[in-house]
Amino acid sequence: MELNAHVPSGPIESKWQRHQFDMKLVNPANKRKYNVIVVGSGLAGGAAAASLGEMGYRVDCFCFQDSPRRAHSIAAQGGINAAKNYQNDGDSVHRLFYDTVKGGDFRAREANVYRLAELSANIIDQCVAQGVPFAREYGGTLDNRSFGGAQVSRTFYARGQTGQQLLLGAYQALSKQIAAGTVQMHARTEMLDLIVIDGAARGIVTRDLVTGETKSWLADAVLLCTGGYSNVFYLSTNAIGCNATAIWRAYRRGAGFANPCYTQIHPTCIPQSGDYQSKLTLMSESLRNDGRIWVPKQAGETRTADKVPEGERDYYLERLYPSFGNLCPRDIASRRAKEQCDAGRGVGPGGGGVYLDFAEAIGRLGRRTVEQRYGNLFEMYERITGEDPYTVPMRIYPAPHYTMGGLWVDYNLMSTIPGLHVLGEANFSDHGANRLGASALMQGLADGYFVAPATLGHYLASTKLAKVDLDHPEVKRTEEEVANRTRRLLDNPGKRSAMSFHRELGALLWEKCGMARNREGLTEALRLIPQLREEFWNDVTVPGTGESLNQSLERAGRVGDFFELAELLCRDALEREESCGGHFREEYQTEDGEAQRRDDLFAHAAVWEYAGEDKAPIRNTEQLDFEYVKPAQRSYK
């Protein structure tokens, strides 16, 4: 597998501008001759489809939700980063670049991260022009707040609904192009496979989730904007429908899968309340601005929070990390919470949580100010738990949230399959081994509004594509493989639901490859997952038919892909014999329990290549060179 990142030469500050000038262009009159498929309609997909339609390309956009407005980007709460330095506190493009590389524990490609920081200011201008209702100061200027991993205030927000408001902005732009006829929207339509012809991505096979119709679509290029794979853990902050089928099918067709073991555990989630819970609920990281995290100093404490005196409370993040306090990065905050609970100082049922306390903030700022900043989040917490966070502390615990791993892409966001571009969380590009809060929205919109529209034109102008039709042998072969897979699920004489298998897989993965990993546990997982996968294919039951609405069939197909992905995730974690960011190998830690990188051996992206059914995948590497941010032991103390 050839891994050429195509990073432009020259100073990092001018790489993107120079690259834009050097790239080939498509004449405006010729853009309507090209057809582009966009899979996914969240921030990355919606922004890309809207932008490409506005530029004149003919776009087909697909989502499995009933509307692009239900894409999972809507669930993001806290904010979006941008280096505008509105607070005059020392922020800059270079500082955002530095914080992002450092936050990712020096496992990201410098050039891509700098471009992200450089484009961040443009994103805010774009969204304000669309009418996104960012919070504002009394005088009318845009407000900022702090987020984990930074000592400046650079996060723009709309209360606790930032993802929703940004998505509605992108949806407005998308709707305009749908009305203009440049974008054809296909809702309730799921991608089941990628069509590769003469080595290039030329289309997809989909299933209409209402009628059951399977259909092929052809184009000159395909953009995957389908999000992450945290639902492999079953319990996560992702919507239940979030899945990895699109990127997994692309991986099986030849796209390299980079760093699957880089999964992020979010420290601020409502603890699990029952064995049959189907998902977990995120409480925005923005709450850590004013909420103080603590546990009782005494293990086994049975008193309620209000009965524990101040002197008997351990504000452990403030104690361990005085410079960053409660705003240390997510991977660190999550591990420390787990340590407290493992030591018997956890709170709530079963000791499975820590306190996030707003008493000091309410006393200092007043309840009204806290309501203005976080009111909808407090309301959501009370509806779910029945507890009023204005009078008692919230209880939180880490949960699977974001995935930094994904399909490998070069500087142009193109995968190892020519013509297959991958945007947003579906790629591995910008966050290294740990994503800083408020950077996901930044990456999705940067990729969709600014990067892909430029680099896609270069690919189309540089590539001579043969005309193909739906009778092409590769189209027929891909359709037959999809039909065989569907038939196998429907005809299987099993007795267990796909959900029960998914729950068992998730519990196994969380235990062996969750917040902490070790050789023994990963080896055990790699022994058990293939056994469970075989049991799934022998004993799963899928009622109904493929010719109509069948949510059991949808789930079974996605769970089948999760089994294969889980095995690759554990294999990658086992091979990476170091700790970095969210990947914490217990064998590799400093004396004070921090992640211990091994830059001499693992300063690279691990890119896995599919080798065939029942064959071990091939591990390739892309060396990461750091010219502008020198790798050092991360310290937030």
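Let me sum up the structure you'll find in this document. (Residues numbered from 1 in each chain as written. Predicted model: local features only at pLDDT ≥ 70, side-chain atom pairs only at ≥ 80, totals over all residues. Heavy atoms only, no water.)

**Observations concerning the overall build of the chain**
A tally of regular secondary structure across the chain gives 17 helices and 19 strands. Against the compact-globule benchmark of 26 Å for 637 residues, the chain has a radius of gyration of 24 Å, which places it among compact chains. On the principal axes, the C-alpha backbone points of the chain span a range of 75 × 60 × 50 Å. Considering the chain as a whole, with its 637 residues, one finds that 59% of them fall into the buried category. The long-range share in the chain, meaning contacts at least 24 apart out of those at least 6 apart in sequence, stands at 73%. Of the roughly 24,200 Å² of accessible surface on the chain, 48% is carried by carbon and sulfur atoms. In the chain, which carries 74 positive and 80 negative side-chain charges, the distance between the mean positions of the two groups comes to 3 Å. (Helix = DSSP H or I, 4+ residues; strand = E, 2+ residues; numbered from the N terminus. Rg over C-alpha atoms; globule rule 2.2 N^0.38 Å. Buried < 20%, exposed > 50% of the residue type's maximum accessible area, 1.4 Å probe, protein only. Contact = heavy atoms within 4.5 Å. Areas by Shrake-Rupley, 256 points an atom, 1.4 Å probe, with all protein chains shown as cover. Lys, Arg positive; Asp, Glu negative; His and termini not counted. Charge placed at Lys NZ, Arg CZ, Asp CG, Glu CD.)

**As for helix α14 (residues 498–513)**
Between its first and last C-alpha atoms α14 spans 21 Å; for 16 residues at 1.5 Å apiece the expected length is 22 Å, and the two agree. Along α14, the positions that sit buried rather than exposed are Ala 498, Ser 500, Phe 501, His 502, Leu 505, Gly 506, Leu 508, Leu 509, Lys 512 and Cys 513. On its buried side, α14 packs onto α15 (519–539) and α16 (551–575). (Expected span 1.5 Å × (residues − 1).)

**Some thoughts on the packing of aromatic side chains**
Under the definition given, this model contains 23 aromatic pairs. Taking the centre distance of 4.6 Å and the plane angle of 40° together, the rings of Trp 294 and Tyr 355 count as tilted. With Trp 294 in strand β12 (residues 292–296) and Tyr 355 in strand β14 (residues 354–357), this residue pair connects regions lying 61 residues apart in the sequence. Among the residues examined, Trp 294 registers a relative accessible area of 0% and is labelled buried. Residue classification places Tyr 355 among the buried positions, given a relative accessible area of 9%. (Phe/Tyr/Trp six-rings, centres within 6.5 Å; stacked < 30°, edge-to-face > 60°.)

**Concerning the sheet that holds strand β7 (residues 200–208)**
Ordered in space as β6-β7-β8, the 3 strands form an open sheet in which the pairing is antiparallel. Looking at strand neighbours, the two that pair on one side only are β6 (189–197) and β8 (214–218), the edges of this open sheet. Sheet twist, expressed as the average angle between the axes of neighbouring strands with direction ignored, equals 25°. Bridge analysis of β6 against β7 gives 8 bridges, and the strand direction is antiparallel. In the sheet register, Glu 190 faces β7, and the bridge partner there is Arg 207. Along the sheet, helix α13 (residues 473–491) contacts β6, β7 and β8; its crossing angle with β6, the most-contacted strand, is approximately 140°. (Pairing = 2+ DSSP bridges. Axes fitted to C-alpha atoms, helices over the stretch in contact; angles between N-to-C directions.)

**Considerations on the nonpolar core**
Ranked by internal contacts, the top residues of the largest apolar core, which has 135 residues, are Ile 80, Leu 194, Leu 223, Leu 224, Leu 407 and Leu 420. Here Leu 223 is in contact with Val 36, Ile 37, Val 38, Val 39, Ala 48, Leu 52, His 421, Leu 423, Ala 452 and Leu 456, once residues within four sequence places are set aside. (Core = buried A, V, L, I, M, F, W, Y, C linked by side-chain atoms within 4.5 Å.)

**Considering the environment of Val 7**
As for its placement among the helices and strands, Val 7 is situated in the segment before α1 (15–22). Along the chain, Val 7 and Arg 109 lie 102 residues apart, while their C-alpha atoms are 9.4 Å from each other. Setting aside its immediate chain neighbours within four residues, Val 7 contacts Lys 15, Arg 109, Ala 111 and Tyr 411.

**Description of α15**
For α15, which comprises 21 residues, the first-to-last C-alpha distance of 30 Å matches the rise-based estimate of 30 Å (1.5 Å per residue) to within 8%. Residues of α15 that are buried include every one of Gly 521, Leu 522, Ala 525, Leu 526, Ile 529, Leu 532, Arg 533, Phe 536 and Trp 537, and no others. Between a side-chain oxygen at the N-terminus of α15 and the backbone nitrogen of Glu 520 the separation is 3.3 Å; the capping residue is Asn 518. (Polar contact = N/O pair within 3.5 Å; in protein donor to acceptor, adjacent residues only side chain to side chain.)

**Looking at the pattern of salt bridges**
A side chain with one charge may pair with a side chain of the opposite charge, provided their charged atoms come close. Applying the stated criterion across every chain yields a total of 54 salt bridges. Across the salt bridge formed by Asp 306 and Lys 307, the nearest N and O atoms sit 3.1 Å from each other. With relative accessibility at 59%, the residue Asp 306 sits in the exposed group. Among the charged side chains, a network of salt bridges with common partners joins Asp 105, Arg 107, Asp 331, Arg 335, Arg 576, Glu 578, Arg 597, Asp 599 and Arg 634. (Salt bridge = Lys/Arg side-chain N within 4 Å of Asp/Glu carboxyl O.)

**Things to note about the side chain of Lys 15**
Within the fold, Lys 15 resides in helix α1. There is no salt bridge for the buried Lys 15, and the closest opposite charge comes from Glu 627, which lies 5.9 Å off by N-O distance. Of note is the side chain of Lys 15, whose polar atom sits 2.6 Å from the backbone oxygen of Pro 8. The contact partners of Lys 15, leaving out residues within four places of it in the chain, are Val 7, Pro 8, Ser 9, Gly 10, Ala 111 and Tyr 411.

**Some thoughts on the sheet that holds strand β1 (residues 35–39)**
Read across the sheet, 5 strands follow the order β5-β2-β1-β9-β17 without closing on themselves; strand pairing throughout is parallel. The two strands at the open ends of the sheet, each matched to only one other strand, are β5 (183–186) and β17 (420–422). Across this sheet, the average inter-strand angle for adjacent strands is 20°, counted without regard to direction. Both strand β2 (residues 58–62) and β5 contribute to a ladder of 4 bridges, which runs parallel. Bridging across to β5, Phe 62 finds its partner in His 186.

**Structural notes on unusual backbone geometry**
Even without a glycine there, the phi angle at Tyr 234 is positive, about 70°. For Tyr 234, the location among the structural elements is in the loop between β9 (221–224) and α7 (245–252). Unlike most non-glycine residues, Ala 438 shows phi in positive territory, near 70°. With respect to the helices, strands and loops of the structure, Ala 438 is situated in the loop between β17 and α12 (440–462). Given the relative accessible area of 5%, Ala 438 is considered buried.

**Things to note about the pairing of strand β18 (residues 604–609)**
Burial analysis of β18 places 5 of its 6 residues in the buried class, which makes it a mostly covered element. Judged from the 2 bridges that link them, strand β10 (residues 257–258) and β18 form a sheet pairing that is antiparallel. By the bridge assignment, Phe 257 is partnered in β18 with Trp 608. In terms of strand pairing, β18 meets strand β19 (residues 618–623) through 6 bridges, oriented antiparallel.

**Focus on the packing of helix α3 (residues 43–55) against helix α6 (residues 162–180)**
For the pair α3 and α6, interaxial distance at closest approach is 8 Å and the crossing angle is 30°. In terms of their interaxial angle, α3 and α6 are classed as roughly parallel. For the element pair α3 and α6, the recorded crossing hand is left-handed. On α6, the residues that touch Leu 43, Gly 46, Ala 47, Ala 49, Ala 50, Gly 53 and Glu 54 of α3 are Leu 166, Leu 167, Ala 170, Ala 173, Leu 174, Lys 176 and Gln 177. Residue composition of the contact of α3 with α6, by class: 9 nonpolar, 3 polar and 2 charged. (Parallel < 35°, antiparallel > 145°, perpendicular 65-115°, else oblique. Left-handed = near helix turned anticlockwise from the far one by under 90°. Nonpolar A, V, L, I, M, F, W, Y, C, P; charged D, E, K, R; others polar.)

**Re the side chain of Glu 110**
Residue placement: Glu 110 occurs in helix α5 (residues 110–130). Here Glu 110 occupies a buried position and makes no salt bridge, while the nearest side chain of opposite charge, Lys 630, is found at 7.0 Å. Engagement of the side chain of Glu 110 in a polar contact is seen with the backbone nitrogen of Tyr 628, the distance being 3.0 Å. Setting aside residues no more than four positions away along its own chain, Glu 110 makes contact with Ile 12, Phe 97, Asp 625, Phe 626, Glu 627, Tyr 628 and Val 629.

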